[in-house]
Amino acid sequence: MDKATMKRIALVATNTAMMVMWARSLFVIANGWNTLADADSAICEETLRPTLLAALAVSFLELFTSLIGLTRSNPTQVLLFSTVRAGVEVLVAPLLPCACWQHIFTATCWSLGDLVRFGCFALDSLAPQFGSFVKATRYTVGPLLFPLGASGEMLMVIRAANDGRPAMYIAAALWPAGFYPLMTQLLRQRRKYFSSRVKTG
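Reading the values: the criteria
- Residues numbered from 1 in each chain as written.
- Predicted model: local features only at pLDDT ≥ 70, side-chain atom pairs only at ≥ 80, totals over all residues.
- Heavy atoms only, no water.
- Helix = DSSP H or I, 4+ residues; strand = E, 2+ residues; numbered from the N terminus.
- Expected span 1.5 Å × (residues − 1).
- Buried < 20%, exposed > 50% of the residue type's maximum accessible area, 1.4 Å probe, protein only.
- Contact = heavy atoms within 4.5 Å.
- Axes fitted to C-alpha atoms, helices over the stretch in contact; angles between N-to-C directions.
- Parallel < 35°, antiparallel > 145°, perpendicular 65-115°, else oblique.
- Left-handed = near helix turned anticlockwise from the far one by under 90°.
- Nonpolar A, V, L, I, M, F, W, Y, C, P; charged D, E, K, R; others polar.
- Salt bridge = Lys/Arg side-chain N within 4 Å of Asp/Glu carboxyl O.
- Core = buried A, V, L, I, M, F, W, Y, C linked by side-chain atoms within 4.5 Å.
- Phe/Tyr/Trp six-rings, centres within 6.5 Å; stacked < 30°, edge-to-face > 60°.
- Lys NZ or Arg CZ within 6 Å of the ring centre and 35° of its normal.

### Here we look at helix α1 (residues 3-31)
Three or four residues apart is the spacing at which side chains of an α-helix point the same way, because the helix has 3.6 residues per turn. Given a rise of 1.5 Å per residue, 29 residues ought to cover 42 Å, and the 41 Å separating the end C-alpha atoms of α1 matches this to within 8%. Looking only at α1, the buried set comprises L11, V12, T14, N15, M18, M21, W22, S25, V28 and I29. Next to the buried residues of α1 lie α2 (43-58), α3 (61-67), α4 (75-92) and α5 (101-126).

This is the structure:
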């Protein structure tokens, strides 16, 4: 088996694993939508949170693949992206009611966004002939869901600050500083891709 084939198999396997975990989170949200906000329901604390934590943990595979050179992703930006989201779920979410709308909104954006993102990565590695469709999908959905998810994270921090933790307003005020470079990079990639399509079209 040559090196290119091994790399392709590794990318299909890791991206499929991450996609499946976020699909699972989205399924839990969709399946329990009518009962998530019910004060007597334990579905959020007992099912959704563990599912989200598992998906966030598995998503660190993206950092691993960038560090060993399987992808062209910037490891620093992947680390920022992954640790901020994990930090929100591990450190901020426990301070809030699990089923508060800010948490459910953020979890939905994360789940849907990464289901599409990692699904596109996996399909692109598995079937390169669909590359144009896959990239167009990723660069259309990503710029919509990423800022929504980041906004949800900031709203979670603000909600925690409102509950008697004023120091957390500082964290909320710093959120744009982390969001800006990631969003700029995403838009740069989108612009580059669609510009190349216009030139070759």
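### A word on the packing of α2 against α5
Across the interface, α2 lies against α5 with an axial gap of 12 Å and an inter-helix angle of 40°. What the angle tells us is that α2 and α5 run oblique. The element α2 and its partner α5 pack so that their crossing is left-handed. Residues C44, L48, R49, L52 and L56 of α2 pack against H103, I104, A107, W110 and S111 of α5. In the contact of α2 with α5, the residues fall into seven nonpolar, two polar and one charged.

### Observations regarding the pattern of salt bridges
In the structure shown here, the tally under the stated rule is seven salt bridges. Between R85 and D114 there is a salt bridge, and its shortest N-O distance comes to 2.4 Å. Linking R85 in helix α4 with D114 in helix α5, this pair joins segments that are 29 residues apart in sequence. By the burial criterion, R85 is buried, and D114 matches it. Salt bridges here are not isolated pairs; linked through shared partners, they connect E62, R85, D114 and R117.

### Observations concerning the nonpolar core
Judged by nonpolar contacts, the single largest core of 28 residues is most densely connected at W22, L48 and V92. Among the elements of the structure, α1, α2, α4, α5, α6 (131-162) and α7 (168-200) are those that each provide at least two residues to this core. Membership of the second largest hydrophobic core comes to eight residues, among which are F81, L182, M183 and L186.

### Description of the packing of aromatic side chains
In the structure shown here, the tally under the stated rule is five aromatic pairs. On the numbers, 5.2 Å between centres and 70° between planes, the contact of Y193 with F194 is edge-to-face. Put simply, the rings of F81, F146 and F179 pair up and form one aromatic cluster. Sitting over the ring of F118, R117 keeps its end group 4.4 Å from the ring centre.

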